[in-house]
Structure formats: C-alpha cells, structure tokens
Amino acid sequence: MLVNCVAYQDGRKLGDIDTAAISEYLKRPGCFVWVALRDPAPEELARMQEEFGLHELAVEDARHGHQRPKIEEYGDSLFVVMHTVEVAGDDLKPGEIDVFVGRNYVLSVRQHAERGFLDVRSRAEREPDLLKNGSGYVLYALMDAVVDRYFPVLDAIEMELEKVEEQLFSGRSPRQNIESLYYVKQKLTTLKHATGPLLENSGKLFGGRVPLPCSGLGEYFRDIFDHLVRINQSIDAARETVNTAIQVALAMVSVSDNEVTKRLAAYAALVAVPTMIAGVYGMNFETMPELQWTWGYPFSIAVMAAIDVFLFVKFRKAGWL
C-alpha cells in the first residue's frame, strides 16, 4: 500500500502528490520525490519501476524480500537493503526496508515491519538546509533511524542476559538457565544478522569513490558507520558473555552430578559394611567360629552399627553427606 508520496524542492516540501504526477515533478530542477510503500503488491512495484526507471534486479529483490542487508549500485542509483528489528513481547520480530535512491527520487519499501518512518520524514522536513542535499540526505535519515532503533533492542537483550546471569546461582534449574541463555543467544544472532552485513557495506558511502547520491554527506554516513561499529562490538561482547554463562551453567550441572555421585557412594559404603558382615555369617559352612556364641548376634549388630556411625561421621566431615 502507498503510505505517502511527497515532492520537495530546494529543501522545502511542495506537498503530497499523486503517483501519476511523479514524472512531471522529476523533470523540475532542484526537485526530488520521496515515495514510501508498505508491503506493496507486485503491481505497485511495477508502477514505481516504470516511474523511476528502477533496475529490474533491484526490483526483483524488493519484490521477494528476505534479502541480506546490502548496498548495491546500479549506474547512478543505489539499492539499499536494511533489516529492522522490533521487540514483540519476549521475542524479536525482524522486518526489512528496501530503499531505492536516485539523483531526484527516493523510494522506500517497508516489509513485515510494524513501525513506520513518519518521524524520519518529519525530522527531514524540519531541517531544510540539510534536505537541500536531496535524496542522499533522505537515505542518511532512514539509515540513521534504522540503526538508532537497534540500540533499545540491544539494551533489552542485555537486561535479559543480566537477569539470567543473576539466576545462575539462585538455585534455579540449570536446564531452565541454559534454555534462557540459548534464547538470548538466538536474539543476539538475529540482531547480528541485521547489523553485521550493514556494517560491512556502509563503508562504501564515505571515503574513496562515493556514490553520486551520497556525495557531500560523507561525515553523516561515517557517523552511521561508527554507531554500527559500536553496536556490533556490544553484540560480540554479549555473545561471549552468553557462551561463558552457558559454560558456567554446564559446569554447575557437572558439579551437581558429582555431589549426587558422592552421596550415592557414601550411602553405598554405609550399606556395604553390614552387607559384608551379614554375608560372611550367612555362608552355609558347618564349622564357623562364633556360630554357637550366645552374644554373637548382638555383637555383630553392634559392630555393624559402630562402623556405619564411624563412616557416617567421616563422610559428613568430608562434605559427602
């Protein structure tokens, strides 16, 4: 569906226009058109392709979606794919925004994402001096908004990780701790899939040969690159923490198993002594000492009890019981 279609000239908003009038405004000097679509039908994309002269490979990627974050050049135009990540309850909901950028147009296609970019448009319109840079500045504003939205998601994941770490030594089931850590790791992986490739590609927007729509905006795109570096470093640090926490949880399982094994061994020793003594006197030999002794039975019972008490005290001091 069409979200909005607006024409701008010299950094000022001319007004909302009909899609049929796009070609007319594209002919004006100093004018560019910014169109926003959400989950468009193939017919809508085909109409935009005809209006803006979009490359068919880029349109095909936008039509199918589920693309890896990337920045591709097609002549004097750019095709940028970014992933959005939104917190939905206890889970993360990934989405995608595809941006076509030319000399005098911007087409943003939002897919599977609930939150829109009306605030980005409002911000750009409040900065006419920067909006004079045209479509390149709109691309910067969209990328900056997407990257800034990663920070609260990362903060939420880190807070969840801290809670799980606190529960590691609280007597909670080790299985539950490991499951919780695994879910945190999954969320970090989802966020990494969005930020990692974007970090790899965003360097081409500043320094060296800069694509035509982004010329003169190097310091702005470098700022986005710096934010992505910071986010990726935080993600990597959190993933290391998760791996360490999983190892700690597994070690605690091993320690717990060892404690159980020691207890079982101690109880087995307490049972083994009387079993051995009873087994000796349970043998079917006619000639055995003490068999005819009046105090033989109470004496053997007393010996069994004394040895078990002795072993119990020793195991208790050793921490086995």
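Residues numbered from 1 in each chain as written. Predicted model: local features only at pLDDT ≥ 70, side-chain atom pairs only at ≥ 80, totals over all residues. Heavy atoms only, no water.

1. A closer look at the packing of aromatic side chains
Step number 1: By the definition in use, this model includes ten aromatic pairs.
Step number 2: Ring centres of Tyr-137 and Tyr-220 lie 6.5 Å apart, and the angle between their planes is 85°; on these two criteria the pair is classed as edge-to-face. Placement of Tyr-137 in helix 6 (residues 135–148) and of Tyr-220 in helix 9 (residues 218–281) is noted, with a sequence separation of 83 residues between them.
Step number 3: Of the residues examined, Tyr-137 reaches a relative accessible area of 0% and is grouped as buried.
Step number 4: Cluster of aromatic residues (ring-pair linked, three or more members): Tyr-137, Tyr-140, Tyr-220 and Phe-221.
Step number 5: Above the plane of the ring of Trp-34 lies Arg-121, whose end atom (NZ or CZ) is 4.0 Å from the centre. (Phe/Tyr/Trp six-rings, centres within 6.5 Å; stacked < 30°, edge-to-face > 60°. Helix = DSSP H or I, 4+ residues; strand = E, 2+ residues; numbered from the N terminus. Buried < 20%, exposed > 50% of the residue type's maximum accessible area, 1.4 Å probe, protein only. Lys NZ or Arg CZ within 6 Å of the ring centre and 35° of its normal.)

2. Examining the side chain of Ser-202
Step number 1: Examined against the element boundaries, Ser-202 turns out to sit in helix 8 (residues 174–202).
Step number 2: Of the polar contacts made by the side chain of Ser-202, one reaches the backbone oxygen of Leu-199; its length is 3.3 Å.
Step number 3: The contact partners of Ser-202, leaving out residues within four places of it in the chain, are Ile-71, Met-143, Phe-225 and Leu-228. (Polar contact = N/O pair within 3.5 Å; in protein donor to acceptor, adjacent residues only side chain to side chain. Contact = heavy atoms within 4.5 Å.)

3. Concerning unusual backbone geometry
Step number 1: In the Ramachandran plot, Asp-10 falls in the positive-phi region, its phi being about 55° despite a non-glycine side chain.
Step number 2: If you trace the backbone, Asp-10 turns up in the loop between strand 1 (2–9) and strand 2 (12–16).
Step number 3: In the Ramachandran plot, His-66 falls in the positive-phi region, its phi being about 55° despite a non-glycine side chain.
Step number 4: Within the secondary structure layout, His-66 lies in the loop between helix 3 (56–64) and strand 4 (70–74).
Step number 5: By relative accessible area, which is 68% here, His-66 ends up exposed.

4. Remarks on the sheet that holds strand 3 (residues 31–38)
Step number 1: Spatially, seven strands are ordered 2-1-3-7-6-5-4 in an open sheet, and the strand pairing comes out mixed. With partners counted over all chains shown, the strands left at the sheet margins are strand 2 and strand 4, one partner each. Between one strand axis and the next, the sheet turns by 20° as a mean value, whatever way the strands run.
Step number 2: Where strand 1 and strand 3 come together, seven bridges link them in antiparallel fashion. Bridge pairing in strand 3 places Cys-5 opposite Val-35.
Step number 3: In the packing of helix 7 (residues 150–167) onto the sheet, contacts are made with strand 5 (77–88) and strand 6 (91–102), and the angle to strand 5 comes to roughly 35°. (Pairing = 2+ DSSP bridges. Axes fitted to C-alpha atoms, helices over the stretch in contact; angles between N-to-C directions.)

5. What to know about the packing of helix 2 (residues 42–52) against helix 3
Step number 1: Packing of helix 2 against helix 3 brings their axes to within 11 Å, and their N-to-C directions diverge by 155°. By the angle class used here, helix 2 and helix 3 are roughly antiparallel. The two elements helix 2 and helix 3 meet at a crossing, and its hand is right-handed. Residues Pro-42, Leu-45 and Gln-49 of helix 2 pack against Glu-56, Val-59, Ala-62 and Arg-63 of helix 3.
Step number 2: Taken together, the residues of the contact of helix 2 with helix 3 sort by class into four nonpolar, one polar and two charged. (Parallel < 35°, antiparallel > 145°, perpendicular 65-115°, else oblique. Left-handed = near helix turned anticlockwise from the far one by under 90°. Nonpolar A, V, L, I, M, F, W, Y, C, P; charged D, E, K, R; others polar.)

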